[in-house]
Amino acid sequence: TMTKNWSNLVLIVTCMLLVVVNVFLISQNRQLRKSLENSKQFVLDEGYRFAELAIKRKDGGEELVNLADQQRNTLLLVFNSNCRYCDQQYPYWNELIRGLDPSDWKVLAISSEDNHESIESHLEKWNLEGAIAGRVTLDVIKKTRMLFTPMTIVIDKEGEVRKVWPGLWTKGFDIRY
């Protein structure tokens, strides 16, 4: 009977421990769900207006790219050379770029990394034809909420964000608005 009492006690303690862990996991799940529901505020919104974007060149200079030039739409590609999803995304970006008319579209590929060599080597490897490439400051990334990589953004001729796709996408992404 002593062994039976000990096994019952172990069983009761194990069940109580499982109940406590389960309650903790339920609480954590609720917090994560609330966080995910609020995460939309951390992503660049459709309707945001860009006038221009300051891009730092490899030589250290800065180039202001007019995104509201009334001439061409902009496809803005946000990446990071350490992002494995960006490596998976670039073939789709290339396919998309090949289908764009350069007289209607300009393509910008930007990163907030300080390492220009890393940016350049990735762009060379990815061969994003016709893309203006460079680095933007972390302040620009935070202000515009371009916090995820990869991120694909469609900006119209007036500088208004029309579509935002944070994360990976595959064939069938429609940039028309």
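Everything discussed here concerns the structure shown above.
Values in this document were obtained by computation on a predicted structure and should not be read as measured data.

Caption draft 1: Spatial organisation of the pairing of strand S5 (residues 131-135). With five bridges connecting them, strand S4 (residues 105-111) and S5 associate as parallel partners. Paired with Ile110 across the bridge in S5 is Gly134. The β-α-β motif built from S4, the intervening helix H3 (residues 116-126) and the parallel element S5 has right-handed crossover chirality.

Caption draft 2: Just the layout of surface pockets, in detail. Space inside the largest pocket adds up to approximately 180 Å³. For the lining of the largest pocket, the secondary-structure elements that each account for two or more residues are helix H2 (84-98) and S4. Per-element accounting of the lining of the largest pocket gives the leading share, three residues, to S4. Split into classes, the residues belonging to the lining of the largest pocket amount to six nonpolar, one polar and five charged. Considered as a void within the structure, the second largest pocket measures approximately 150 Å³ in volume. For the second largest pocket, the full set of lining residues is Tyr48, Arg49, Phe50, Ala51, Glu52, Leu53, Ala54, Val140, Lys143 and Thr144. Breaking the lining of the second largest pocket down by element, the ones donating at least two residues are strand S1 (52-56) and helix H4 (138-144).

Caption draft 3: Examining H3 more closely. Among all positions of H3, only His116, Ser118, Ile119, His122, Leu123 and Trp126 are buried. The arc that holds every buried residue of H3, seen down its axis, measures 165°, which confines them to one face. Of the residues in H3, the exposed ones pointing more than 90 degrees away from the buried face are Glu117 and Glu124. As for H3, its buried residues are in contact with S1, H2, S4 and S5.

Caption draft 4: Spotlight on the pattern of salt bridges. All chains considered together, the criterion is met by six salt bridges. Between Glu160 and Arg49 there is a salt bridge, with the nearest N and O atoms lying 3.0 Å from each other. Of the two residues, Glu160 sits in the loop between strand S6 (151-155) and strand S7 (161-166) while Arg49 sits in the loop between helix H1 (2-38) and S1, which places them 111 residues apart along the sequence. Put simply, Arg162 and Asp156 hold a salt bridge, and the shortest N to O gap is 2.8 Å.

Caption draft 5: Broad picture of the packing of H2 against H3. Put simply, H2 and H3 touch, their axes get as near as 10 Å, and they point 50° apart. On the basis of their axis angle, the class for H2 and H3 is oblique. As H2 packs across H3, the resulting crossing turns out to be right-handed. Within the contact between the two elements, H2 uses Cys86, Asp87, Tyr90, Trp93 and Asn94 and H3 uses His122, Lys125 and Trp126.

Caption draft 6: Spotlight on the side chain of Asp69. Locating Asp69 in the fold gives a position in the loop between strand S2 (62-66) and strand S3 (73-78). Overall, Asp69 belongs to the buried group, its relative accessible area being 19%. Polar contacts involving the side chain of Asp69 include one to the main-chain amide nitrogen of Arg72, which spans 3.1 Å. Residues in contact with Asp69, not counting those within four places in the same chain, are Lys106 and Lys157.

Caption draft 7: Up close: a nonpolar patch on the surface. There is a patch of nonpolar side chains on the surface, built from Met2, Trp6, Leu9 and Val13 and spanning about 440 Å² of accessible area. Inspection of the secondary structure assignment puts Leu9 in helix H1.

Here is what the cut-offs are and how they apply
- Residues numbered from 1 in each chain as written.
- Predicted model: local features only at pLDDT ≥ 70, side-chain atom pairs only at ≥ 80, totals over all residues.
- Heavy atoms only, no water.
- Pairing = 2+ DSSP bridges.
- Helix = DSSP H or I, 4+ residues; strand = E, 2+ residues; numbered from the N terminus.
- Right-handed = clockwise from strand over helix to strand, strands pointing away.
- 1 Å grid on protein atoms, 1.4 Å probe; cavity = no way out; pocket = protein on both sides within 12 Å on 5 of 7 lines; lining within 4 Å.
- Points joined across faces, edges and corners; volume = space filled by probe spheres on them.
- Nonpolar A, V, L, I, M, F, W, Y, C, P; charged D, E, K, R; others polar.
- Buried < 20%, exposed > 50% of the residue type's maximum accessible area, 1.4 Å probe, protein only.
- Arc of directions from axis to C-beta.
- Contact = heavy atoms within 4.5 Å.
- Salt bridge = Lys/Arg side-chain N within 4 Å of Asp/Glu carboxyl O.
- Axes fitted to C-alpha atoms, helices over the stretch in contact; angles between N-to-C directions.
- Parallel < 35°, antiparallel > 145°, perpendicular 65-115°, else oblique.
- Left-handed = near helix turned anticlockwise from the far one by under 90°.
- Polar contact = N/O pair within 3.5 Å; in protein donor to acceptor, adjacent residues only side chain to side chain.
- Patch = residues over 30% accessible without salt bridge, like charges linked within 9 Å, V, L, I, M, F, W, Y side chains within 5 Å.
- Areas by Shrake-Rupley, 256 points an atom, 1.4 Å probe, with all protein chains shown as cover.

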